Amino acid sequence: QQQVKQSPQSLIVQKGGISIINCAYENTAFDYFPWYQQFPGKGPALLIAIRPDVSEKKEGRFTISFNKSAKQFSLHIMDSQPGDSATYFCAASMSGGFKTIFGAGTRLFVKA
Amino acid sequence: EAEVAQSPRYKITEKSQAVAFWCDPISGHATLYWYRQILGQGPELLVQFQDESVVDDSQLPKDRFSAERLKGVDSTLKIQPAELGDSAMYLCASSLLAGANTGELFFGEGSRLTVL
């Protein structure tokens, strides 16, 4: 019940294309859903986050879509660039950061 | 820009030896987390502190791992004795205050442990 399931494991996208990564959760007590971006040799860094009272949040080329009834959320990267090549983790937490659980990660490669 | 500091960045040790990792969170951050990240997987929470108190250590292998945050600022994670399966990246993160409606974790660059 505490897991966050993420797919796909890896993704190859052409430059300018749309990258889509999906996550699903079980525990309805989760109330904060962030996405983190991690480059090799670095710690994860927050990319964008959403709370369950909204269905979509957009920041630049990055959009989170949230489906509360299905307990699913996804990250869309529009106009994907080679610099977006990294590992992306979805996560879920309770009460603003308590027990943040991470998905297994998606390794994105954007071809130039 | 404020950062979470971790040391050492890399540690190679032999099985059965003791290892220690240090973390200094961003100033003013009350919540500190230790995560373990095995290559190719997502970070797994080991322990979470609120100031100097442990609020969650349910996934910490307490027979060999220990963590402390004595003055509610910096923290040490210790492994004794190290086993081959402990090879991983150990990430420290901090946040303003768990429950303060922010939720953002700020991660350090990690300490990569290799056990031979």
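Note that this is a predicted model, so its numbers are computed, not measured.

### Notes on the overall build of chain A
Now for step 1: Of the regular secondary structure elements, chain A holds zero helices and 11 strands.
Now for step 2: Taking 13 Å as the expected radius of gyration for a compact globule of 112 residues, we find that chain A reaches 13 Å, a close match to that expectation.
Now for step 3: For the C-alpha atoms alone, the extent of chain A along its principal axes is close to 40 × 30 × 20 Å.
Now for step 4: Sorting the 112 residues of chain A into buried and exposed places 48% on the buried side.
Now for step 5: Considering only contacts within chain A whose residues lie at least 6 apart along the sequence, 53% involve residues at least 24 apart.
Now for step 6: Carbon together with sulfur atoms contributes 51% to the accessible area of chain A, which is approximately 5300 Å² in total.
Now for step 7: The centroid of the 12 positive side-chain charges in chain A is displaced by 7 Å from the centroid of its 7 negative side-chain charges.

### Overview of the state of the cysteines
Now for step 1: Applying the stated criterion to the full structure yields two disulfides over all chains.
Now for step 2: Covalent S-S linkage joins A:Cys23 and A:Cys90, the inter-sulfur distance amounting to 1.8 Å. In this structure, the disulfide formed by A:Cys23 and A:Cys90 twists by about -90 degrees around the S-S bond and is classed as left-handed. One end of the pair, A:Cys23, is in strand β3 (residues 19–25); the other, A:Cys90, is in strand β9 (residues 86–94), and 67 residues separate them in sequence.
Now for step 3: Note on A:Cys23: relative accessible area 3%, which makes it buried.
Now for step 4: On the basis of relative accessibility, which here comes to 0%, the residue A:Cys90 falls in the buried class.
Now for step 5: At a sulfur-sulfur separation of 1.9 Å, the disulfide partner of B:Cys23 is B:Cys92. What sets the handedness of the B:Cys23 and B:Cys92 disulfide is the S-S torsion sign, and at about -70 degrees it is left-handed. Highlighted residues: B:Cys23 in strand β3 (residues 19–24) and B:Cys92 in strand β9 (residues 88–95), separated in sequence by 69 residues.
Now for step 6: By relative accessible area, which is 0% here, B:Cys23 ends up buried.

### What about the interface of chain B and chain A?
Frequently, the measure chosen for interface size is the accessible area that the parts lose on association.
Now for step 1: At the junction of the two partners, chain B supplies 26 residues and chain A supplies 19 residues.
Now for step 2: Both faces considered, chain B and chain A share a buried interface measuring about 1700 Å² in area, 49% of it formed by carbon and sulfur atoms.
Now for step 3: By the criterion of area lost to chain A, the three top residues of chain B are B:Gly103, B:Phe107 and B:Glu109, representing 23% of everything that side buries.
Now for step 4: Linking chain B with chain A are one salt bridge, by the criterion used here.
Now for step 5: Our enumeration of links across chain B and chain A arrives at six residue pairs in polar contact (both at pLDDT 80 or more).
Now for step 6: A total of three residues in the side of chain B that touches chain A trace back to one element, the largest contributor, which is strand β4 (residues 31–37) of chain B.
Now for step 7: Tallied by class, the residues present in the side of chain B that touches chain A amount to 11 nonpolar, 11 polar and four charged.

### Describing the packing of aromatic side chains
All names here are of chain A.
Now for step 1: Going through the model one piece at a time under the given rule, you end up with 17 aromatic pairs over all chains.
Now for step 2: For the ring pair Tyr25 and Phe66, a centre distance of 6.2 Å and an interplane angle of 20 degrees mean the geometry is stacked. Linking Tyr25 in strand β3 with Phe66 in strand β7 (residues 62–67), this pair joins segments that are 41 residues apart in sequence. Here the two residues Tyr25 and Phe66 agree in accessibility, since each one is buried.
Now for step 3: An aromatic cluster of three or more residues is present, and its members are Tyr25, Phe30, Phe33, Trp35, Phe66 and Phe73.

### Points about the sheet that holds strand β1 (residues 5–7) of chain B
Residues and elements named next belong to chain B.
Now for step 1: With respect to topology, four strands assemble into an open sheet ordered β1-β3-β8-β7, the strand pairing being antiparallel. Each edge of the open sheet is held by one strand with a lone partner, namely β1 and β7 (65–68). Direction aside, the axes of adjacent strands within the sheet are offset by 15 degrees on average.
Now for step 2: Taken together, the three bridges between β1 and β3 define a ladder with antiparallel strand orientation. Opposite Ala5, over in β3, you have Asp24 as the bridge partner.

Reading guide: rules and limits
- By convention here, each chain's residues receive numbers from 1 onward along its written sequence.
- Labels follow written order: the first chain is A, the first ligand is 1, and so on.
- Where local features are concerned, this predicted model is filtered to residues with pLDDT of at least 70; where side-chain atom pairs are given and counted, the filter is 80 or more; whole-chain, interface and lining totals use all residues.
- Note that water and hydrogens are dropped before the side-chain values are worked out from all heavy atoms of the structure.
- Strands here mean DSSP runs of E at least two residues long; helices mean DSSP runs of H or I at least four residues long; both are numbered from the N terminus.
- With C-alpha atoms as the basis for the radius of gyration, the globule rule is written as 2.2 Å multiplied by the number of residues raised to the power 0.38.
- Relative accessible area decides the class of each residue, using a 1.4 Å probe on protein chains only: under 20% of the type maximum gives buried, over 50% gives exposed, and in between gives partly exposed.
- Contacts are residue-level and defined by heavy atoms, with any inter-residue pair within 4.5 Å sufficient.
- Shrake-Rupley sampling with a 1.4 Å probe provides the accessible areas, and residues are treated as covered by the protein chains on show and by no other component.
- Residues counted as positive are Lys and Arg, residues counted as negative are Asp and Glu, and His and the chain ends are not counted.
- Lysine's charge is taken at NZ, arginine's at CZ, aspartate's at CG and glutamate's at CD.
- In this description, a disulfide is simply a cysteine sulfur pair whose atoms lie within 2.5 Å.
- Throughout, buried area stands for the accessible area (probe radius 1.4 Å) lost by two parts on being put together, summed over both.
- Any carboxyl oxygen of Asp or Glu within 4 Å of a side-chain nitrogen of Lys or Arg constitutes a salt bridge here.
- Counting of polar contacts relies on pairs of N or O atoms within 3.5 Å, with two restrictions inside protein: one atom must be capable of donating a hydrogen and the other of accepting it, and residues adjacent in sequence are counted only when both atoms are side-chain atoms.
- In the scheme used here, Gly and all other residues not listed as nonpolar or charged are polar, with Ala, Val, Leu, Ile, Met, Phe, Trp, Tyr, Cys and Pro taken as nonpolar and Asp, Glu, Lys and Arg as charged.
- By convention, a stacked pair of Phe, Tyr or Trp rings (six-membered ring in the case of Trp) has centres within 6.5 Å and planes under 30 degrees apart, an edge-to-face pair has planes over 60 apart, and any other such pair is tilted.
- Pairing between two strands requires that DSSP report at least two bridges joining them.
- To define axes, lines are fitted to C-alpha atoms, for helices over the stretch in contact only, and angles between the resulting N-to-C directions are given on a 0 to 180 degree scale.

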